[in-house]
Amino acid sequence: METCTVTGEPERLSAWFAAATASPAESVSAWRRTPDFPRRLPTGITFDVVLAPRNVVELAYDILRRYEQTVGPAVRFTNLTTAAILVPPGTAARWGNLVVGASWLDRSAVPTCLGIGHAVRIPGLAPSAQGVPVEWLEAPSAESTVGDTPLLTAPVQLVRCLAEARSLLAPEDEQSPLSRAVSAVRAVLRAPQRT
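Okay, so let's go over this structure. (Residues numbered from 1 in each chain as written. Predicted model: local features only at pLDDT ≥ 70, side-chain atom pairs only at ≥ 80, totals over all residues. Heavy atoms only, no water.)

Quick notes on the side chain of Thr46
Condition: Each helix is a run of DSSP H or I of at least 4 residues and each strand a run of E of at least 2, with the numbering of both proceeding from the N terminus. Relative accessibility thresholds used throughout: buried, under 20% of the residue-type maximum; exposed, over 50%; partly exposed, between the two (1.4 Å probe, protein chains only). Here a residue-residue contact requires only that any non-hydrogen atoms of the pair lie within 4.5 Å.
Looking at the secondary structure, you find Thr46 in the loop between strand E1 (39–42) and strand E2 (48–53). What makes Thr46 buried here is its relative accessible area of 11%. Ignoring any residue separated from it by four or fewer positions in sequence, one finds Thr46 in contact with Trp16, Ala19, Ala20, Pro89 and Leu152.

This is the structure:
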């Protein structure tokens, strides 16, 4: 998955992101002056974040797209192997129950969901120079909004696709029989067709 940039009207999105701060008007003004500058925003107000390994997030997003589910913004930390997926506020409070319903091979690998009391660095809403510590893995789009709120990834579908992605990426000896069967079927479907 490549990094991407915000499409549409960044002004609408900056107002939504700024709503998470103590001073929204000041935050919007700062983003107007430096639209490419990353910001540290509190979670739990306009969005929560799910933290997971980047390769798991990338595969989960591919799976979500195949199932024609909404794929919301996600952030890639350039100096880490982690990604943060923006999900609706309140997700952190019910994340434990969502995870219980998914089949995780390794409970220590379960993604974390952060809500109130935490913060995350968000990339700027304009393309930035190289070397920034955070980039959009999946940028928010002003065209994919309800009012001025960008569509966020649905937690129920996300947790299931993260579990499936983690299972598919696990070494073969750790995969469940179902995961090995799914991997085999996908390998056949991806193989070049002989005529």
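Points about the pairing of strand E6 (residues 119–122)
Put simply, the rule reads: Any two strands with at least two DSSP-identified bridges between them are counted as paired.
By the alternation rule, side chains of E6 split into Val120 and Ile122, which are all buried, and Ala119 and Arg121, of which none is buried. Here 4 bridges tie E1 to E6, and the two strands are oriented antiparallel to one another. By the bridge assignment, Arg39 is partnered in E6 with Ile122.

As for the pattern of salt bridges
This is how the line gets drawn: Salt bridge, as used here, is a side-chain nitrogen of Lys or Arg placed within 4 Å of a carboxyl oxygen of Asp or Glu.
Going through the model one piece at a time under the given rule, you end up with 2 salt bridges. Between Arg65 and Glu138 there is a salt bridge whose closest N-O contact spans 2.3 Å. On the criterion of sequence distance, the pair formed by Arg65 in helix H3 (residues 54–66) and Glu138 in strand E7 (residues 134–138) is long-range, its members being 73 residues apart. Arg65 gets classed as partly exposed once you look at its relative accessible area, which sits at 36%. Here Glu138 falls in the buried class, since its relative accessible area comes to 18%.

Quick word on helix H4 (residues 91–101)
Here is the rule we go by: Here the arc refers to the set of directions running from the helix axis out to each C-beta atom.
Buried within H4 are the following residues: Thr91, Trp95, Leu98 and Val99. End-on, the buried residues of H4 take up no more than an arc of 95°, which puts them together on one face. Every exposed residue of H4 that faces more than 90 degrees away from the buried side is listed here: Ala93, Asn97 and Val100. Buried residues belonging to H4 abut E2, strand E4 (82–87), strand E5 (112–114) and helix H5 (155–169).

Here we look at the packing of aromatic side chains
Keep this limit in mind: Put simply, two rings from Phe, Tyr or Trp (the six-membered ring, in Trp's case) pair if the centres are within 6.5 Å, and we call them stacked under 30 degrees between planes, edge-to-face over 60, tilted for the rest.
A complete count under the given rule lists 5 aromatic pairs for this structure. Geometrically, the ring pair formed by Trp16 and Phe17 is edge-to-face, given 4.8 Å between the ring centres and 65° between the ring planes. Of the two residues examined, Trp16 and Phe17, each falls in the buried class. Geometrically, the ring pair formed by Trp16 and Phe47 is tilted, given 5.8 Å between the ring centres and 40° between the ring planes.

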